[in-house]
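The chain contents come next:
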Amino acid sequence: MVFLCVCGQQAFKTEPRNVTVKAGATTLLKCEVLRASGAVQWVKDGLLLGPQRSLPGYPRYSMTGDQQKGQYHLQILNVSLEDDGPYECQVGQSVSSRAIVSRTAWLNVQIPPSQPYIQLESDEPWVEGDEYTVTCIAPDAKPPAEITMFRDGEELTETDSFTMSGSQDKLLNTHAEVIIRARSSDDARGLTCRAKNPASPRALETGMTMRVYFPPQAPVIIGLGNEEVKAGSFLRVVCMSYGGNPLATLHWIKNGEVLSTSWEVDVVSRMSSSVLKMEVKPEDNHAVLQCESVNQVSRSPMSLTRTLTVLFEPAEVTLLGSFEAVEGQEINLSCYTSSSNPPVHIRWWLGFKELNRTNVTISEGDNGGMMTMSNLTHKVSREDNGLPLTCEAFNKGTRFSSVRSENLIVYYPPQKVWLDAPPPNVFLHAGKTLRLVCFSSGGNPTGQLVWLKNNKVVPTASKQVSSERGVSRDLILALQPSDNLATYRCDSSNKAKKVISAQTKLRVLFPAVSVKIVAKQKELRKGQILDLDCLAGSSNPTANISWSLGPMMLKGVDQAPKKAEFGGMSRTSKLSLTLDSHHWKKRITCQAFSNVLSEGVNNFYSLNVLFPPEFSDDQPDEVQVIEDETATLPVKVLANPDEITCEWIFQGEKLVKERDPRYHFDDWTLEIVNVSRRDGGDYIIECSNAEGKNRTKLKLDVQYSPTVHMKSDPVSVNLGDTADLLCVADANPITSSMFSWKWMGEEEVDDLGEQSEDEGTGLLTIYEVTRDRAGFYQCTADNGIAPPGSVEGQLVVRFAPELQKGPQWKKVASRGDGSNDANVVCQAQGVPRVHFNWAKNGFPLDLGNPRYEEKTVVTGTVHTSVLTVINVSAALDYAIFTCTAHNSMGEDSLDIQLLSTNHPDPPSDLKLLRVNHNSVTLEWMPGFDGGLTQNFRVRYQWAGSVSFMYVDVFPPTATVYTVTGLNPSTAYNFSVNALNTMGESSYADNNKILTVTTADAEEADDGVSTADKDPALAGRGLPVYAVVILVVGGLLLFLNPLSCFLLARWKKRGWSMKEDTRSISQETKSEEQRSTSSSSTRYASRELINASAQRTLLIDSSSEPDSNVYESYGRQESPHYYYSPALYTHLEGPENHDGRHGTSPLAHDYEEVTGWGTYQDLQGYSLLPPSAHSDPRALSTYHEGRVYDKADVDVAAGVYDSMVYRRRRDTDLPFELRGELV
């Protein structure tokens, strides 16, 4: 049978046309195809929207019309700016027809403008007459908006408009600018901007109120009708100014000085006013008052002035001249006033009698007033004494009157003077007291008495005493040699300037008035003969002279007496003496003695014997001092003159304070502060004066604690060679057994090495050096002076690189879809510095390729090279990367395979660490983690058990774990495997079984178990009875589902396991370090896992694909570790040999942890998932042996215990959780 097919070329019946539409509307681009045989698609901006009519991924786009008629119209709902652009209708190629493309149709989306706004050049108000640019902006419109501006309702036509780019592509901002000249009438008026485009249903409008400043009117003054005022009165005047914006500021100014800057404003009347209140003073006469008005925009202040005339009285009336005179003399007096307006008149009075011999003068005064002066001449008589002399001043203009008055005093001389004194020719003794009295009567005022000795005033006379008969004055004398034959006179006088007198002469006996020693030599030196003269001054009668030197009397030669002052006789005596240095500062005394008076007078002569410096017998030869203390080097020297110059000389150089601030000199004693070892040695002290010089030597012995240094640091040797560490000490004194050595490493060293010393050098010799001897050694030197000196020296042991080659170092996993980076880590130990080379599949790697980045980190002897593969591709990068580490000692290589993420490799090297009666501590080496975080599970079994028991290790990445709750004296078979989110490994060491027998219970009772002694490894397990109950419960669980209910009720009674997390603190830290290479390949984004692998995950928060709870334990900074969920040991059926196990809530019992904290007993927790207020990371539910997080379940409303969980179908899950591997 033959089928005929009539096929023609497909063609467009209707092609799309350009469309303009407002945003938010619905539009339709039409496309009709005749004989459509290919796939019809729409193209937007060159992007195919897809052949399906619903256009998935474009919820607002769809193809409408009758497909049978070839209608493929593109309908767009709620059109937005992103839809603006070119569109094409394309029909794909088919077997019978070629592909066709319609003409391009443009969809023009119109966007209304956003709210317009006005921009000004400044926020400041406008000033009348100035021009300002105002800009109105209508943003984000398509097409551009049209702007119209209005001034107080009047349209502004001279507007310039332009457009600029908007906030998004295709949007435009319209700017409209207009220049406005400000007018005073514009103040408080509106300025409006309107914007509109075709997409606007109505015009958008914004506006502002114009603020315009303009100047005020000229001021006026009120309240000063009469410009003549009286001083002392109060003046009140008002200044007012109208108009202006802002209203005027008013200032009162007097004679150019501002009086007031306060004013009030009346907004309603548009007026400013200022009231000036002032007390009128004389200085205000002819003052100019001025009121100024101004505001912010005035070109200059406007003002009004007034001139004051002030009537004022004179401030002072002054009477000048002397009111005291001797009878018969003429007096000249003056009376004058200060300035007044008008001037005053002056009159004179003596008692009640007016005096007319006056001369009056008027002159200009202060403040524009006049001053008046009147001069009086008058001849006085004895009758004028005591009368008042008065000046009267009067001002007619101010009704002012004032007087000034003084009493007139007229002087005349005293009448008589006489003395009370001893009679003549009576001898008085010097040193006795004598009273002389002088009397005077008459005179005005009474006479003033003055005592004179030999015509010189005696200032020591007592005060004058007045009485009814006259005045008297005593003179008390302590008789002196000068009173012998002296004349004492008393004069009486007063202001009348006439003197009358009385006098007497005294006879006095006295010893020598002075004793004076005179040396013929001006300078005295050791070995010279000193000649002295003793001169005894005047005495009455003549005195006798004697000499003494300390207690020793000396013999002098007396000369004949001579007449002397005060009517006495003087005498001279001579003395000669040979001088020595011991005479220095001694005294020679000369005494003049009167046998009649039994009195003597003496004087001494100090022997200032000059001699060069002489050092004392107490001057030390050596001074010892400890370093850093103060050394005192004394100088004990005598010399005259004592202006000694001493110089300290050390190592041939003179010591001065400026040379070293530590030097201090006190009386030539040298103090050296913070003395150092460099200061030790011989010091020479050389002292000199004007007579000569002398020197001596003093040794400074500075003892100091050792300071040490390594002769060579660091000391580098090859592995197996002999190392010599030399420690050199600088110390005083050097003692035997001064050096000691200490190893500074953490491990203890039994044999430090061979120690020896030679004077100031200590030696530590280490034979056949091994790597563990590399590190720091401390050398300490102690000579008995604190502190001992210590220094650390480093021993570097050179060895060839050794790479880390454990299972976790040989593989790196990463998704190969080009979305993630992978870090390939290579770590080596070696000295000296290790360098790395990389190869890929045996070929050197080009690190200049931007897809590869290499970074080397050095920490001590550990060198780490991290090769980052950017955007890993399975086709390009799944390969063998070879890392070669090399230094001068050798090299080492490691092949590292980069592969896809997978389930982990099995652990290895499972071994027993400790065992006691109820617990076993195991340790193993982790295998490759498959590129994901891996957990570990311990499986164990004992003879007669129904099935294996399983314990999930916590923290999950620990490699040391203690299984608790075991029976005493029981043999257990242990094994361990690893799990991650993609599956689990087989058991360690090729399914090796480790058999361990627990200790007897009696041994545990006798003493502390090994685990109890080691808190870092001990765990707190289940009691024996709990284990027995658990085993029985497991059998019941196997036989009858009712056991689940019983087990839950038992758990609800509060029984819980206690886990001491301290047992794994160190292991957590070490495991984190061991997992560096695998953890470096973790994806930054969430991993894709398959469903079967997910079923093997633990029913815990850590089993969620998104969870990072377990990882957080490896990063804890605190020394306290958080407790884990208390994990029950559980029964499980026979092992699946494919390496994977099913998981069900009946096969695993776990307690939920509601919060993190230090270890606590967990009691009374339900087997149901945690409540909604618990940590959201820990929320998971159970259904058909699979673990789900919160996103996988629907929670029906109700109390927690009655919540119903419904599983979603796999088809409802997101694509990445359906189990497919990518």
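Residues numbered from 1 in each chain as written. Predicted model: local features only at pLDDT ≥ 70, side-chain atom pairs only at ≥ 80, totals over all residues. Heavy atoms only, no water.

1. Observations concerning the overall build of the chain
Along the chain, the regular secondary structure elements total ten helices and 99 strands. Residues classed as buried in the chain amount to 44% of the 1222 residues present. Residue pairs in contact within the chain that sit at least 24 positions apart in sequence constitute 65% of those at least 6 positions apart. In the structure as shown, the chain presents an accessible area of about 63600 Å², 50% of it carried by carbon and sulfur atoms. (Helix = DSSP H or I, 4+ residues; strand = E, 2+ residues; numbered from the N terminus. Buried < 20%, exposed > 50% of the residue type's maximum accessible area, 1.4 Å probe, protein only. Contact = heavy atoms within 4.5 Å. Areas by Shrake-Rupley, 256 points an atom, 1.4 Å probe, with all protein chains shown as cover.)

2. Some details on the pairing of strand S18 (residues 172–181)
Relative to S18, strand S14 (residues 131–141) runs antiparallel, the two sharing nine bridges. Bridging from a neighbouring strand, tyrosine 132 pairs with isoleucine 180 of S18. Pairing geometry for strand S17 (residues 160–165) and S18, over six bridges, is antiparallel. Looking across to S18, one finds that threonine 163 is bridged to threonine 174. Hairpin connection between S17 and S18: a loop of six residues separates the two successive antiparallel strands, and lysine 170 in this loop has a positive phi of roughly 80 degrees. (Pairing = 2+ DSSP bridges.)

3. Describing the packing of aromatic side chains
Tallied over the full model, the rule gives 14 aromatic pairs. Plain terms: the ring middles of tryptophan 418 and phenylalanine 439 are 5.4 Å apart, the flat faces sit at 15 degrees to each other, and that makes the pair stacked. Placement of the pair is tryptophan 418 in strand S42 (residues 416–420) and phenylalanine 439 in strand S44 (residues 433–441), with a sequence separation of 21 residues. One Lys or Arg, lysine 585, reaches over the ring of tryptophan 584 and ends 4.4 Å from the middle of that ring. Over the ring of phenylalanine 799 we find arginine 771; its NZ or CZ atom is 4.0 Å from the centre of that ring. (Phe/Tyr/Trp six-rings, centres within 6.5 Å; stacked < 30°, edge-to-face > 60°. Lys NZ or Arg CZ within 6 Å of the ring centre and 35° of its normal.)

4. Here's the deal with the sheet that holds strand S19 (residues 190–196)
In a beta sheet, neighbouring strands pair by backbone hydrogen bonds and run either parallel or antiparallel. The strand order across the open sheet formed by four strands is S16-S15-S19-S20, and the pairing between neighbours is antiparallel. The open sheet terminates on both sides in strands that have one partner only, identified here as strand S16 (154–156) and strand S20 (204–209). Each neighbouring strand pair of the sheet contributes to a mean axis angle of 25 degrees, computed without reference to strand direction. Where S19 lies against S20, six bridges are found, and the strand directions are antiparallel. (Axes fitted to C-alpha atoms, helices over the stretch in contact; angles between N-to-C directions.)

5. So, the confidence of the model for the chain
Residue-level pLDDT values for the chain average 81, and 81% of them are 70 or greater. Every residue in residues 1–6 is under pLDDT 50, and counting partners more than four places away or in other chains gives zero contacts. Scored below 50 in pLDDT, residues 1007–1028 shows 46 contacts in the model against residues more than four places distant or in partner chains. (pLDDT = per-residue confidence, 0-100.)

6. Focus: the state of the cysteines
Applying the stated criterion across every chain yields a total of nine disulfides. Disulfide pairing is shown between cysteine 136 and cysteine 193; the S-S distance is 1.7 Å. Torsion about the S-S bond of the cysteine 136 and cysteine 193 cystine: about -75 degrees, corresponding to left-handed handedness. Within this pair, whereas cysteine 136 is found in strand S14, its partner cysteine 193 is found in strand S19, the two being separated by 57 residues in sequence. (Disulfide = S-S within 2.5 Å.)

7. Digging into the nonpolar core
Core analysis: the biggest nonpolar cluster contains 25 residues, and Phe12, Trp42, Tyr61, Leu74, Ile76, Tyr87 and Leu107 have the highest contact counts within it. Residue assignment for this core shows that the elements contributing at least two residues are strand S2 (19–22), strand S5 (40–44), strand S7 (61–64), strand S8 (73–76), strand S9 (85–91) and strand S11 (105–110). Broken down by element, this core gets its largest block of residues, three residues, from S9. Apart from residues no more than four positions distant in its own chain, tyrosine 87 is found in contact with Leu29, Trp42, Val43, Lys44, Tyr61, Leu74, Ile76, Arg103, Thr104, Ala105 and Leu107. (Core = buried A, V, L, I, M, F, W, Y, C linked by side-chain atoms within 4.5 Å.)

8. Section: the pattern of salt bridges
Under the defined criterion, the tally for this structure stands at 36 salt bridges. Across the salt bridge formed by glutamate 131 and arginine 181, the nearest N and O atoms sit 2.8 Å from each other. Taken together, the residues span a long stretch of sequence, with glutamate 131 in strand S14 and arginine 181 in strand S18 at a distance of 50 residues. Judged by its relative accessible area of 46%, arginine 181 is partly exposed. Linking glutamate 653 and arginine 659 is a salt bridge whose minimum nitrogen-to-oxygen distance equals 3.5 Å. On the basis of relative accessible area, glutamate 653 is assigned to the partly exposed category, the value being 44%. On the accessibility criterion, arginine 659 (37% relative accessible area) is partly exposed. One continuous salt-bridge network, built from bridges that share partners, spans Arg60, Glu82 and Asp83. (Salt bridge = Lys/Arg side-chain N within 4 Å of Asp/Glu carboxyl O.)

9. What about unusual backbone geometry?
Note the cis peptide between lysine 142 and proline 143, where omega equals 0 degrees. With respect to the helices and strands, the residue proline 143 is situated in the loop between S14 and strand S15 (146–151). Omega for the bond connecting valine 831 with proline 832 falls within 30 degrees of zero, at 5 degrees, which places this linkage in the cis form. Checked against the element boundaries, proline 832 lands in the loop between strand S80 (822–831) and strand S81 (835–840). Positive phi outside glycine occurs at arginine 35, with the angle close to 55 degrees. Structurally, arginine 35 can be placed in the loop between strand S4 (32–34) and S5. In this structure, asparagine 991 is a non-glycine residue whose phi angle is positive, near 60 degrees.

10. Topic: the sheet that holds strand S86 (residues 890–899)
Read across the open sheet, the five strands follow the order S79-S86-S85-S81-S82; overall the sheet is mixed. Unpaired on one side and paired on the other, strand S79 (811–813) and strand S82 (843–844) mark the two borders of the sheet. When strand S85 (residues 880–887) meets S86, the two strands line up antiparallel, connected through eight bridges. Bridging across to S86, asparagine 887 finds its partner in glycine 890.

11. Remarks on the pairing of strand S90 (residues 948–952)
Counting buried positions over the five residues of S90 gives five, a clear majority of the element. Across the two faces of S90 the burial is the same, with Phe948, Tyr950 and Asp952 and Met949 and Val951 all buried. Of the strand pairs in this sheet, strand S89 (residues 935–942) and S90 are connected by four bridges, and their pairing is antiparallel. Residue pairing across strands places valine 938 opposite valine 951, the latter belonging to S90. Hairpin connection between S89 and S90: a loop of five residues separates the two successive antiparallel strands, and glycine 944 in this loop has a positive phi of roughly 90 degrees.

12. A short note on the side chain of threonine 780
Positionally, threonine 780 belongs in strand S77 (residues 775–781). Classification of threonine 780 as buried rests on a relative accessible area of 17%. Side-chain polar atoms of threonine 780 contact the side chain of serine 790, separated by 3.0 Å. Excluding residues that lie within four positions of it along the chain, threonine 780 makes contacts with Met738, Phe739, Ser740, Pro788, Gly789 and Ser790. (Polar contact = N/O pair within 3.5 Å; in protein donor to acceptor, adjacent residues only side chain to side chain.)

13. Quick word on a nonpolar patch on the surface
On the surface, Trp263, Val265 and Val267 cluster together into a nonpolar patch covering about 270 Å² of accessible area. As for its placement among the helices and strands, valine 265 is situated in strand S27 (residues 264–266). (Patch = residues over 30% accessible without salt bridge, like charges linked within 9 Å, V, L, I, M, F, W, Y side chains within 5 Å.)

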